Amino acid sequence: MPKLPAPPLPAALKEPPPRPREQDDGAHHPAAAAGINVVDWVDERTSLSGGARWMMYRKVPKGTNWFYTLGSATMFAFLSQAVTGVFLAMYYRPDPAGGAYESIRYVTNDVFLGQFVRGMHKWGSSVMVILVFLHMGRTFFFGAYKYPRELNWVIGVVLLILTMTMSFTGYLLPFDQRAYWATIVGVNINGTGPLLGPYLSDFLRGGSEFGATTLSRFYAIHMLLVPGAIAALLGAHLYLVAKLGTTAPPWQKAEKRAELREAEA
Ligand code: HEM
């Protein structure tokens, strides 16, 4: 059979002619291209850049202002809590017979930067609670809970409850006098709730008395259950923000279409 000529290479696949040395600004150096090629390599196999573009390159309404950063600020407070929490968990022991208190004393007084990391986690928890309320206030006063964002508001309410649960369960962990008695009060308050209240306080205590089960239960809820739930719900929350876009401030008037403006004039 006669050999057919090979089809011509598409222009994009042809190697460009080498640039003259005097024009080379370094951007075309193989070392600079290496970084781009890794990103391209991953993208060709995952198409992740499409998702990133969908998430990040969005039009935002006119009048968007600093109050719109409160949600992201809350998210960064959460991430900071997650990172500092991992380091604290490397030393913490949920042992009510002195071990918990001693492990926290050790982190504070003896571990390199331990007091700093513990301080970030402790103050960061208050920062996150304040930010989540401010963010909720912003979405409420800007009417962002209305159609079609009701579901995102409901997810937000669950995120608010989970954030408060983080504060409540974290407060017991140092297991000093203040943590112990404040949590007894908190669990008793939970017990006064209608119908489910007594079951909830029994569940939190892990029995009728405060003890070893209570502390390890609070620790598991604090560092596994609730952060996992917050991370998952945050994914849904951000998906809906990207899908629906953000609300314009209530004082922003919609621009009239050109033909309507002309008809009025
Ligand atoms: C862990 C807590 C939370 C995090 C990390 C978080 C994060 C965010 C982020 C990053 C945005 C987009 C930017 C913005 O509008 O600020 C947003 C939007 C929104 N959030 Fe949250 N949020 C949290 C809790 C809440 C709560 C408690 C509510 C209400 C009960 C809520 C309701 C909303 C609504 C309705 C929007 C859409 C805003 C709009 O369309 O303009 N979020 N959230």
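Relevant structure appears above.
Residues numbered from 1 in each chain as written. Predicted model: local features only at pLDDT ≥ 70, side-chain atom pairs only at ≥ 80, totals over all residues. Heavy atoms only, no water.

Draft legend 1. Spotlight on the overall build of the protein chain. Summing up its helical and strand segments, the protein chain has 10 helices and 0 strands in all. For the protein chain, whose C-alpha radius of gyration is 28 Å, the value lies well above the compact-globule estimate of 18 Å for 265 residues. Dimensions of the protein chain, computed from C-alpha atoms along their principal axes, come out at roughly 90 × 60 × 50 Å. Split into buried and exposed, the 265 residues of the protein chain put 26% on the buried side. Taking the contacts inside the protein chain whose residues are at least 6 apart along the sequence as the reference set, 72% of them involve residues at least 24 apart. (Helix = DSSP H or I, 4+ residues; strand = E, 2+ residues; numbered from the N terminus. Rg over C-alpha atoms; globule rule 2.2 N^0.38 Å. Buried < 20%, exposed > 50% of the residue type's maximum accessible area, 1.4 Å probe, protein only. Contact = heavy atoms within 4.5 Å.)

Draft legend 2. Layout of the packing of helix 3 (residues 70-89) against helix 5 (residues 114-141). Between helix 3 and helix 5, the shortest axis-to-axis distance is 8 Å and the interhelical angle comes to 155 degrees. As far as their axial angle goes, helix 5 and helix 3 are roughly antiparallel. You can see that helix 3 and helix 5 cross each other, and the crossing is left-handed. Contacts between helix 3 and helix 5 involve Leu70, Gly71, Ala73, Thr74, Ala77, Phe78, Ser80, Gln81, Thr84, Gly85, Phe87 and Leu88 from the first element and Val117, Arg118, Met120, His121, Gly124, Ser125, Met128, Leu131, Val132, Leu134, His135 and Arg138 from the second. (Axes fitted to C-alpha atoms, helices over the stretch in contact; angles between N-to-C directions. Parallel < 35°, antiparallel > 145°, perpendicular 65-115°, else oblique. Left-handed = near helix turned anticlockwise from the far one by under 90°.)

Draft legend 3. Up close: the site of the ligand. In the vicinity of the ligand lie 27 residues, with His135, Arg138, Gly156, His237 and Thr247 positioned nearest. A distance of 3.0 Å separates an oxygen atom of the ligand from a polar backbone atom of Tyr68. Interatomic distance of 2.7 Å between a side-chain N/O atom of Thr247 and an oxygen atom of the ligand. The set of elements that each furnish at least two residues to the shell around the ligand consists of helix 3, helix 5, helix 6 (150-172) and helix 9 (212-244). Among the elements that take part in the shell around the ligand, helix 6 stands out by supplying 7 residues, more than any other. Considering only residue class, the shell around the ligand consists of 13 nonpolar, 12 polar and 2 charged. (Near = heavy atom within 4 Å. Polar contact = N/O pair within 3.5 Å; in protein donor to acceptor, adjacent residues only side chain to side chain. Nonpolar A, V, L, I, M, F, W, Y, C, P; charged D, E, K, R; others polar.)

Draft legend 4. Inspection of the packing of aromatic side chains at higher detail. What the rule picks out here adds up to 14 aromatic pairs. The interplanar angle of 55 degrees and the centroid separation of 6.2 Å between the aromatic rings of Tyr91 and Tyr106 together place this pair among those described as tilted. In this pair, Tyr91 sits in the loop between helix 3 and helix 4 (99-109) while Tyr106 sits in helix 4, placing the two residues 15 residues apart along the sequence. For Tyr106, a relative accessible area of 38% gives the class partly exposed. With a centroid separation of 5.8 Å and 85 degrees between ring planes, the pair formed by Phe175 and Tyr180 is classed as edge-to-face. Given the relative accessible area of 17%, Phe175 is considered buried. A relative accessible area of 25% means that Tyr180 is categorised as partly exposed. Among the aromatic residues, ring-to-ring pairing joins Phe67, Tyr68, Phe142 and Trp251 into one connected group. The ring of Tyr68 has Arg138 lying over it, and the distance from NZ or CZ to the ring centre is 4.0 Å. (Phe/Tyr/Trp six-rings, centres within 6.5 Å; stacked < 30°, edge-to-face > 60°. Lys NZ or Arg CZ within 6 Å of the ring centre and 35° of its normal.)

Draft legend 5. Summary view of the packing of helix 6 against helix 7 (residues 177-191). Relative orientation of the contacting elements helix 6 and helix 7 amounts to 140 degrees, with a least axis distance of 8 Å. Classified by the angle between their axes, helix 6 and helix 7 sit oblique to one another. From helix 6, Phe168, Tyr171 and Leu172 reach across to helix 7, where they touch Arg178, Ala179, Tyr180, Ala182, Thr183, Gly186, Val187 and Asn190. The class makeup of the residues in the contact of helix 6 with helix 7 is 7 nonpolar, 3 polar and 1 charged.

Draft legend 6. Layout of the pattern of salt bridges. Overall, the coordinates contain 3 salt bridges when judged by the stated rule. The closest approach of N and O atoms between Arg205 and Asp202, which form a salt bridge, is 3.0 Å. A residue pair is termed a helical-turn pair when its members lie 3 or 4 positions apart in one helix, as Arg205 and Asp202 do in helix 8 (residues 197-205) at 3 residues. Overall, Arg205 belongs to the buried group, its relative accessible area being 13%. A residue is classified by how much of its surface remains accessible, and Asp202, at 41% relative accessible area, is partly exposed. Taken together, the salt bridges that share partners define one network made up of Glu102, Arg105 and Asp110. (Salt bridge = Lys/Arg side-chain N within 4 Å of Asp/Glu carboxyl O.)

Draft legend 7. Up close: the coordination of the iron atom of the ligand. The protein atoms donating to the iron atom of the ligand are His135 (NE2) and His237 (NE2), with metal-donor distances spanning 2.0 to 2.1 Å. Geometry at the iron atom of the ligand is octahedral, judged from the 6 donor atoms that bind it and their angles of 85 to 180 degrees at the metal. One end of the pair, His135, is in helix 5; the other, His237, is in helix 9, with 102 residues separating them in the sequence. Across the pair, exposure class does not vary: His135 and His237 are buried alike. (Donors = N, O, S within 2.8 Å, 3.2 Å for Na, K, Ca; no water. Tetrahedral: all angles 85-135°; square planar, octahedral: opposite > 155°, others 65-115°.)

None of the figures reported here should be taken as evidence of function without further support.
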